[in-house]
Amino acid sequence: MSATTTPRAAGARPAAGKPGKARSSDKARAEAKLGWYLAGPAFVILVAVTGYPILQALYESLFSYRLTAPGDREFIGLRNYGVILTDSLWWEAMVNTVLITVVTVAIELVLGFALAMVMHKVLGWLRPIVRTAILVPYAVITVVSAYAWQYAFALTTGFMNSVVPGVGEDFDWFANKWTALLVICLSEIWKTTPFISLLLLAGLAQVPSDTIEAAKVDGATAWERLWRVTLPNMKASIMVALLFRALDAFRIFDNVYIMTQGAAGTQTVSALAYNQTISRLEIGLGSAVSVLLFVCVLVICFLAIKVFKVDLARARGEG
Amino acid sequence: MSTKEKLGWYLGALLIVLYAVLPVAYIVSMSFKSESDLANKKFFPTQWTTENYSGIFAGSGSDLFLPALRNSVITCLIATLIAVVLAMFAAYAIARLNFPGKRVVLTSALAVAVFPVITMVTPLFNLWRRVGLYDTIPGLIIPYLALTLPISIWTMSAFFRGIPWDMEQAAQVDGATSWQAFRKVIVPLAAPGVFTTAIIAFFIAWNDFVFGISLTSTSRAQPVPAALSSFTGSSYFVQPTGAISAAAVIVTIPVVLLALVFQRRIVAGLTNGAVKG
């Protein structure tokens, strides 16, 4: 019986399927064409506005090139990179940037989770107020936030010296590298924690509440429930929040520029690139710093995706 | 939850509100301080004055502030508009159509979003000077697209993916023309997503500082954040603290209001793509 049905089914299928398949591939081709017509312009612009600059930066980084003496432009290969990588300024900027990134992201993750937890638990009339308030730092531009924090700590205008215990009236936060970096970190944390806490709040909402209840019934303490149930279930959103914030923090520029302009040893990689190019008009060296910064970002992405297995496509809702 | 536990969470909520508004409250307070009050090292002014505001709107600061405000509004609105329209087409294609390279579009948007902005500055600075786009509004709008397009594509494709596209066909079955079906069914469903995306894109553009200080130099195109950093006091020896504070408050008010009015949507837009697996 099966011997007779199988050939019939096999024979019937291509006969019925062939025109259908041809029609569907026509449709598929038309759909692909329309898809690229619609998505193409955005794609082309995306690639053009970033692809061109990075290639140009790569090219210009191989030249000894100052805008003040454009005639002296000369191909020098990788020498700019040699100059930068053997300069203590670069390494100081690098250490500062990594330090700021690690410190702010770590604190933001803990603080952001605490804020998300509060927003998750608080109900009634207070909830919309908290959710509204949390958007204020997000909406304030970084430059304004930098000024607010700078004025609060500044020697001439600040009220912080009279508030912070153990600090004299004439303590200058911005004269010392570590205290200046501290204020820079504080302003960065204030400004961007809301973003992380909103992502984590959305992640919290996805933790199945019956699993938590079950753990409760089984006698798990609040701490155990947090570590064994809540956090593992939020792993995806935590990882995405972490990666995005880390990349963002690594590019830190606005607060540094406003508060110290890189003085007192607070230079960051972005500030260094800016100073080389825009202030000193050293296009060759500035390009090389820019390229190195780009490479750092690539390395962070690579580590996140390969080592920590952050699934960006999934995280962004595709797939 | 026990009453004690509840009280704890409410106290936490109160702390969050304080945390969020205190620095803003401080800059607002600074903006109302008179010149002699600025160095009083207190949180509040001893004497409230609006002289800082009249200074930036009519006085010595107005030459710098008013054009900068105009530049910021024009640049950010145009950059947002272009980004949202282009992203709308792209997001529609991503959500609705099956085409090879869909992932490439999304991945490149992702890559551009994490691209270090300062890396673009060196080559653009040089090129813009050569082609005459340095210190012009179009010269800012183009790089702003690198900021606004990726986030627009993500946010909108996350929104569009949630639209029940079959409803369009259902309406056609019920006798509507395809245009009617699109306009009456899909447009109202897509509009909130498009609007939210526009607001988020506008925020991102409004926040820019790097391009502002690198690619502009005069009031021809300089946006507010860049202008703030080049404020000068009423004399060389006076710090422009009051004027900067007042200008900072002015640029903050519209975006904070937008954030507050549309908070639900913004929260949804920011978190939509990030957690839906």
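No experiment lies behind these values; they were computed from the predicted model shown.

### Re a nonpolar patch on the surface
Residues and elements named next belong to chain A.
At step 1: On the surface, a nonpolar cluster with roughly 550 Å² of combined accessible area is contributed by Val 295, Val 299, Phe 302, Leu 303, Val 307 and Phe 308.
At step 2: Here Val 299 shows up in helix α13 (residues 283-307).
At step 3: Residue classification places Val 299 among the partly exposed residues on the basis of a relative accessible area of 43%.

### Observations regarding the interface of chain A and chain B
At step 1: With 100 residues of chain A at the interface, the matching set in chain B holds 95 residues.
At step 2: For the pair chain A and chain B, the summed buried area comes to about 8,800 Å², and 74% of that belongs to carbon and sulfur atoms.
At step 3: Counting every contact that joins chain A to chain B gives zero salt bridges.
At step 4: Grouping the amino acids of the side of chain A that touches chain B by side-chain chemistry returns 69 nonpolar, 20 polar and 11 charged.

### Examining the packing of aromatic side chains
At step 1: A full pass over the atoms with the stated rule returns 32 aromatic pairs over all chains.
At step 2: Considering the side-chain rings of Phe195(B) and Phe262(B), the 4.9 Å spacing of their centres and the 75° angle between planes classify their relative orientation as edge-to-face. With a gap of 67 residues between them, Phe195(B) in helix α8 (residues 178-207) and Phe262(B) in the loop between α11 (241-261) and α12 (263-275) connect regions that are remote in the sequence.
At step 3: When its relative accessible area of 35% is taken as the criterion, Phe195(B) is described as partly exposed.
At step 4: Aromatic ring contacts, followed pair by pair, group Trp149(A), Phe153(A), Phe171(A) and Trp173(A) into a single cluster.
At step 5: Arg73(A) extends its terminal NZ or CZ atom over the ring of Tyr65(A), reaching a point 4.9 Å from the ring centre.
At step 6: Over the aromatic face of Tyr134(B) sits the side chain of Arg129(B), whose NZ or CZ is 4.9 Å from the ring centroid.

### A closer look at the packing of helix α1 (residues 3-31) of chain B against α11(B)
All names here are of chain B.
At step 1: Running from N to C, α1 and α11 point in directions that differ by 125°, and their axes come no closer than 8 Å. It follows from the interaxial angle that α1 and α11 lie oblique. Between α1 and α11 the crossing geometry is left-handed. Counting all contacts with α1, which are made through Ile 27, Val 28, Met 30 and Ser 31, the residues of α11 involved are Thr 241, Gly 242, Ser 245, Ala 246, Ala 248 and Val 249.
At step 2: Across the contact of α1 with α11, the residue classes tally to six nonpolar, four polar and no charged.

### Some points on the UniProt feature "transmembrane region" (unreviewed entry) in chain A
Residues and elements named next belong to chain A.
At step 1: Residues given the UniProt feature "transmembrane region" (unreviewed entry) here are residues 34-55, 98-123, 135-160, 180-205 and 283-305.
At step 2: Regarding residues 180-205, the helix share stands at 100% and the strand share at 0%, and the terminal C-alpha atoms are separated by 38 Å.
At step 3: Between the end C-alpha atoms of residues 283-305 there is a gap of 33 Å, over a span that is 100% helix and 0% strand.

### Digging into the environment of Ile258(A)
At step 1: Along the chain, Ile258(A) turns up in helix α11 (residues 254-259).
At step 2: Note on Ile258(A): relative accessible area 9%, which makes it buried.
At step 3: Along the sequence, Ile258(A) and Tyr147(A) sit 111 residues apart, while their C-alpha atoms lie 7.0 Å from each other.
At step 4: Once residues lying within four places of it in the same chain are set aside, the contact partners of Ile258(A) are Val143(A), Ala146(A), Tyr147(A), Gln150(A), Phe209(B) and Ser229(B).

### Observations concerning the packing of helix α12 (residues 269-279) of chain A against α13(A)
How two helices sit against one another is set out by the angle between their axes and by the gap between those axes.
Residues and elements named next belong to chain A.
At step 1: For the pair α12 and α13, the least separation of the axes is 7 Å and the interaxial angle reads 160°. Looking at the two axes, α12 sits roughly antiparallel to α13. Seen from above, α12 lies across α13 with left-handed handedness. Here Val 269, Ser 270, Leu 272, Ala 273, Gln 276 and Thr 277 of α12 come into contact with α13, specifically with Ile 283, Leu 285, Gly 286, Val 289, Ser 290 and Leu 293.
At step 2: Within the contact of α12 with α13, the residues separate by chemical class into seven nonpolar, five polar and no charged.

### Quick notes on the domain arrangement of chain A
All names here are of chain A.
At step 1: Taken domain by domain, chain A consists of domain 1 (31-75) and domain 2 (87-316).
At step 2: Each of domain 1 and domain 2 was reduced to a C-alpha centroid, and the two centroids are 30 Å apart.
At step 3: At the interface, 10 residues of domain 1 touch nine residues of domain 2.
At step 4: Across the domain 1/domain 2 interface, buried area totals approximately 850 Å², and carbon plus sulfur atoms make up 70% of it.
At step 5: Considering only the side of domain 1, the residues that lose the most area to domain 2 are Ile 54, Arg 66 and Leu 67, jointly responsible for 45% of the buried surface there.
At step 6: In this assembly, domain 1 and domain 2 are joined by one salt bridge.
At step 7: Among the salt bridges present, the one from Arg 66 reaches Glu 282, with a minimum N-O distance of 3.6 Å.

### Examining the pattern of salt bridges
Residues and elements named next belong to chain A.
At step 1: In total, this model carries eight salt bridges over all chains according to the counting rule given.
At step 2: In this structure, Glu 92 and Lys 177 form a salt bridge, with 3.6 Å as the shortest nitrogen-oxygen distance. Taken together, the residues Glu 92 in helix α3 (residues 88-121) and Lys 177 in helix α7 (residues 177-205) connect sequence positions 85 residues apart.
At step 3: For Glu 92, a relative accessible area of 29% gives the class partly exposed.
At step 4: Arg 245 serves as the salt-bridge partner of Glu 188, at 3.1 Å between the closest nitrogen and oxygen. One end of the pair, Glu 188, is in helix α7; the other, Arg 245, is in helix α10 (residues 235-250), with 57 residues separating them in the sequence. Across the pair, exposure class does not vary: Glu 188 and Arg 245 are buried alike.
At step 5: Each of Glu 108, Glu 188, Arg 245, Asp 248 and Arg 251 takes part in a single network of salt bridges with overlapping partners.

About the thresholds
- For every chain, the first residue of its written sequence is number 1, and the numbers climb from 1 along that sequence.
- Lettering for chains starts from A, numbering for ligands starts from 1, and both go in the order in which the items are written.
- pLDDT decides what is reported in this predicted model: residues at 70 or higher carry local features, side-chain atom pairs at 80 or more are listed and counted, and totals for whole chains, interfaces and linings draw on all residues regardless.
- Hydrogens and water are ignored here; the side-chain numbers use all heavy atoms of the structure.
- Patches were defined on residues exceeding 30% relative accessible area and lacking a salt bridge, with like-charge contacts within 9 Å and nonpolar side-chain contacts (Val, Leu, Ile, Met, Phe, Trp, Tyr) within 5 Å.
- What sets the accessible areas is the Shrake-Rupley method with a 1.4 Å probe; for residues, cover comes only from the shown protein chains.
- Take a side-chain nitrogen of Lys or Arg and a carboxyl oxygen of Asp or Glu: if they are within 4 Å of each other, that pair is a salt bridge.
- Strands are runs of DSSP state E lasting at least 2 residues, helices are runs of H or I lasting at least 4, and numbering of each runs from the N terminus.
- Categorising residues by exposure relies on relative accessible area from a 1.4 Å probe, with only protein chains included: less than 20% of the type maximum marks a residue as buried, more than 50% marks it as exposed, and the intermediate range marks it as partly exposed.
- Contacts are assigned to residue pairs that have any heavy atoms within 4.5 Å of one another.
- Throughout, buried area stands for the accessible area (probe radius 1.4 Å) lost by two parts on being put together, summed over both.
- Note on residue categories: nonpolar means Ala, Val, Leu, Ile, Met, Phe, Trp, Tyr, Cys or Pro, charged means Asp, Glu, Lys or Arg, and polar means any other residue, Gly included.
- In summary, the pairing rule links any two rings of Phe, Tyr or Trp, Trp by its six-membered ring, whose centres are within 6.5 Å, and it sorts them by plane angle into stacked for under 30 degrees, edge-to-face for over 60 and tilted for everything else.
- Only Lys NZ and Arg CZ are tested; either one counts as a charge over a ring when it is within 6 Å of the ring centre and within 35 degrees of the ring normal.
- Whenever a helix is involved, its axis is fitted only over the stretch in contact; in every case the axis is a line through C-alpha atoms, and angles between N-to-C directions fall within 0 to 180 degrees.
- By the definition adopted for this analysis, an angle is roughly parallel if under 35 degrees, roughly antiparallel if over 145, roughly perpendicular if from 65 to 115, and oblique otherwise.
- Handedness of a helix crossing follows the sense of rotation of the near helix relative to the far helix, less than a right angle counterclockwise being left-handed and clockwise being right-handed.
- UniProt positions are given in the numbering used here, feature names are shortened, and annotations may be inferred rather than shown by experiment.
- What marks off one domain from the next here is an automatic or database domain assignment.

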